[in-house]
There are 2 protein chains.
Amino acid sequence: MKIISTNQPDFKTFFCNLLAARTADTSQATKPVTEILQAVKNDGDDALCEYTKRFDRLLLSPTELRITEQEIKQACKKIDPELLDALDLAAQRIQKFHEKQLPPDLDYRDDCGFNLGYRWNAMDSAGLYVPGGTAAYPSSVLMNAIPAKVAGVKRLAMCVPTPDGHLNPLVLAAAYRAGVTEIYRVGGAQAIAALTFGTQTIESVDYIVGPGNAYVAEAKRQVFGLVGIDSVAGPSEVVVVADRHNNPTHIALDLLAQAEHDTMAQSIFITDNEEFAHQVSLAVNEQLKSLSRKEIAETSWKNHGAILVVKFWEEAIPLINRIAPEHLELMLENPDDLFSKIKHAGTIFIGKWCPEAIGDYVGGPNHVLPTSRTARFSSGLSVFNFLKRTTFLKSDEKGIEKVGPAAVAIAKTEGLTAHALSISSRLDSLHK
Amino acid sequence: MKIISTNQPDFKTFFCNLLAARTADTSQATKPVTEILQAVKNDGDDALCEYTKRFDRLLLSPTELRITEQEIKQACKKIDPELLDALDLAAQRIQKFHEKQLPPDLDYRDDCGFNLGYRWNAMDSAGLYVPGGTAAYPSSVLMNAIPAKVAGVKRLAMCVPTPDGHLNPLVLAAAYRAGVTEIYRVGGAQAIAALTFGTQTIESVDYIVGPGNAYVAEAKRQVFGLVGIDSVAGPSEVVVVADRHNNPTHIALDLLAQAEHDTMAQSIFITDNEEFAHQVSLAVNEQLKSLSRKEIAETSWKNHGAILVVKFWEEAIPLINRIAPEHLELMLENPDDLFSKIKHAGTIFIGKWCPEAIGDYVGGPNHVLPTSRTARFSSGLSVFNFLKRTTFLKSDEKGIEKVGPAAVAIAKTEGLTAHALSISSRLDSLHK
């Protein structure tokens, strides 16, 4: 791994290349996804069964789309109790953190006699997409479902593909633990279509969350506006900032934990000590050998990884804010100053005993985070995704007398006669 | 206008037809918009000037894209001082309401020794699109720009087309008042492209807000994810709930204030008194005559308007929550019970002296609201659009000892070796 210092002449070019979008081109998915959405909208369950046969090699009748309560309970029985306890600890901690997010309503009287404010309400229903195969992570089920439940969403429908009929029982257990009310064995763009338009078996929802492949991402983009969606997630990344008081092996493993997700993932290490940079680089090579997903992690590290050496920590701040990383580790003796100056990041992990993987499972904050520099303008999943505000205004005669004439003046200049008259006719009745 | 009671046998069918999406098909815009986005991404200012020549019949060199401070100040001088005062009152009230929305940060220590929380930060920059021609509303400029400024966004770039060189000076005045930092005379999908990708003259932004035609809406949909966007707005609507203690003319004008926006707009009147329903219906016909946008209002009212008579107010609640109206007026002697049971609406106007048009200009809450039933899952524009949360976790040895083993167990079952090792290697060093 090349180690580059901020004072090298090619640093700026190197850094800009690091920032270049890693998002794969999904334009090839546009047309097939449009067709799938239209087919499910028109033909409902029949289209779902047809696509499930084609893509998942699974023959289903519409009555078999939904996974039964008995299947779910039997799946839970198969699982090691220790693992169920671990999921339970994770669920409890996620729930507690998200309960703290519930925002207060607003209601006040202003100096013109208006009562103004807003009330938060949960949406009625949400859909949760869970990928099939190796990417079916029980932790993601908890992270997506629990905020919805805490927000107060009554109906939570989950779709998960079961290629060749295979399904991870832990995913069912996590869904059961998180309070998912319905589970369907449907995946891909057809699942997003069903959740959006509804079919004979699957009722439509108001909002769709959850990660997926390029087809799922494109389907979410196309239905955005008909239903709400969380985000279109890109490849993920970590920036690890560490001083030489860390164990190089620990830092190497934190970098590899990101890299093992996906060949497009990105791990960037920032330190102030060139000797330590070399130690970590060697440790990465050493630790790579032991990983079950060695090839993925190695490709990610080679193609997108980087080690940057700064002269002093202050130099790291604009670099981190430019990257706006999904995950940021501050493995420093004195992290507070740096922490206070980071404006753009998904989640920040502080202290050498708090690696990113803690946050993936049992930290409490959500692991669904803005990827690929989108932390510049967006946040991780939270109860806010499942709540919306209704603002309100209440006034009596005094209110309209004070502010009405200004509204009439603006309405007239905008050419909206009925707007102006709806106020001036009331002012006239007051003055009669 | 047909008046229909909830006890009529065809009520259910009638109501479902009312709910049917009014959104126009924008699929024809997909391909041209993709081309425009690509051209601006590749050719920057040159493409902007070329499209401005083609669509706005305006020859510009790149240096003329930005509207100068002098032009803005001269525009302000042309405006009636009374109107400037009206805009100022509106701006003050919008600002005060939005200041109340600024949310608190979170920081607490939990029973496992973790420090958990989040911090809100504003995004660095935002772009504001303003339509040209008759739809260039100064009130919308205030409603879009002020929440960004209150949130703390430093850079606020506005794009507005000037067809044949024509520009509403009030739009410039409103932008100046609201703290917009840059204004460019560019419109359409090319403006959205410039704000997303940046050009030689226009620096890219993090987030784009503001209404526009089908091309602008499609462009926002296509760039969603590269930048944040507020929403893709559809045709707007009002539900007016009024008892017979109202003046029928006032209620008629409230219905027409919505209808005059757009032939696709929808005005629905709900009352408990059939005689009053007839009076309002007649008043609508009478008031239509006086409107400058008579044809638009009449088409909207004929095609999409409705008068529903309920037996008692409780009956109105599920109807309103199904509609999830952008605007809801509760013109009732005792509105509190109904108000407390509405879960899905953009803004609620309470009391017969508080018509919707007050909220369009000088109420304080935002007039950029979820349209076409999207209040089921989304909220009006607010400071939240321009803020994002960074969550954080901080722990010492105690924290990782308590929750680390559970994380290791889940990581292993998910097949993520480096995740598991990044925690277990730290637990090992503690136990040495």
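About the thresholds
Residues numbered from 1 in each chain as written. Chains lettered and ligands numbered in written order. Predicted model: local features only at pLDDT ≥ 70, side-chain atom pairs only at ≥ 80, totals over all residues. Heavy atoms only, no water. Helix = DSSP H or I, 4+ residues; strand = E, 2+ residues; numbered from the N terminus. Contact = heavy atoms within 4.5 Å. Areas by Shrake-Rupley, 256 points an atom, 1.4 Å probe, with all protein chains shown as cover. Lys, Arg positive; Asp, Glu negative; His and termini not counted. Charge placed at Lys NZ, Arg CZ, Asp CG, Glu CD. Pairing = 2+ DSSP bridges. Axes fitted to C-alpha atoms, helices over the stretch in contact; angles between N-to-C directions. Buried area = accessible area lost by both parts, 1.4 Å probe. Salt bridge = Lys/Arg side-chain N within 4 Å of Asp/Glu carboxyl O. Buried < 20%, exposed > 50% of the residue type's maximum accessible area, 1.4 Å probe, protein only.

Draft legend 1. Local environment of the overall build of chain A. In terms of regular secondary structure, chain A is built from 17 helices and 14 strands. Reported as C-alpha extents along the three principal axes, the dimensions of chain A are approximately 85 × 60 × 40 Å. Here the analysis covers contacts within chain A between residues at least 6 apart in sequence; of these, 74% occur between residues at least 24 apart. Working note: accessible area of chain A is about 16400 Å², and carbon and sulfur atoms make up 51% of it. Here chain A holds 44 positive side-chain charges and 52 negative ones, and the gap between their average locations is 4 Å.

Draft legend 2. Quick peek at the environment of glycine 44 of chain B. All names here are of chain B. As for its placement among the helices and strands, glycine 44 is situated in the loop between helix H2 (30–43) and helix H3 (45–56). Along the primary structure glycine 44 and glycine 305 are separated by 261 residues, whereas in three dimensions their C-alpha atoms are 45 Å apart. The residues contacting glycine 44, other than those within four sequence positions of it, are Ala39, Thr199 and Gln200.

Draft legend 3. Representation of the sheet that holds strand S6 (residues 182–184) of chain A. Residue and element names in this part refer to chain A. Pairing is parallel across the open sheet formed by five strands, whose spatial order is S6-S5-S4-S7-S8. Where the open sheet ends on each side, the last strands, each with one partner, are S6 and strand S8 (228–229). By the bridge criterion, five bridges tie strand S4 (residues 125–129) to strand S5 (residues 155–159) in an arrangement that is parallel. Considered in S5, the bridge of leucine 128 is made with methionine 158. With respect to the sheet, helix H6 (residues 138–151) is in contact with S4, S5 and strand S7 (207–209), its orientation differing from that of S5 by roughly 160 degrees.

Draft legend 4. Here's a closer look at the interface of chain A and chain B. Counting from both sides, the interface comprises 122 residues of chain A and, opposite them, 122 residues of chain B. Summed over both sides, the interface between chain A and chain B buries roughly 10500 Å², with carbon and sulfur atoms accounting for 60% of that surface. Contact with chain B buries surface across chain A, with Trp353, Leu393 and Arg426 of chain A losing the most and accounting together for 8% of the total. Ionic pairing is found between aspartate 110 of chain B and arginine 93 of chain A, a salt bridge with its closest N-O pair at 2.9 Å.

Draft legend 5. Spotlight on the sheet that holds strand S7 (residues 207–209) of chain B. Residues and elements named next belong to chain B. Here we have five strands laid out as an open sheet, ordered S6-S5-S4-S7-S8, and parallel in their pairing. A single partner strand is all that each edge strand has here, and the edge strands are strand S6 (182–184) and strand S8 (228–229). Relative to S6, strand S5 (residues 155–159) runs parallel, the two being bridged by three bridges. Paired with alanine 157 across the bridge in S6 is glutamate 182.

Draft legend 6. Quick peek at the environment of alanine 265 of chain B. All names here are of chain B. Summarising the element assignment, alanine 265 is placed in the loop between helix H10 (248–259) and strand S10 (266–271). You can call alanine 265 buried: its relative accessible area is 0%. With 243 residues separating them in the primary sequence, alanine 265 and arginine 22 have C-alpha atoms 8.3 Å apart.

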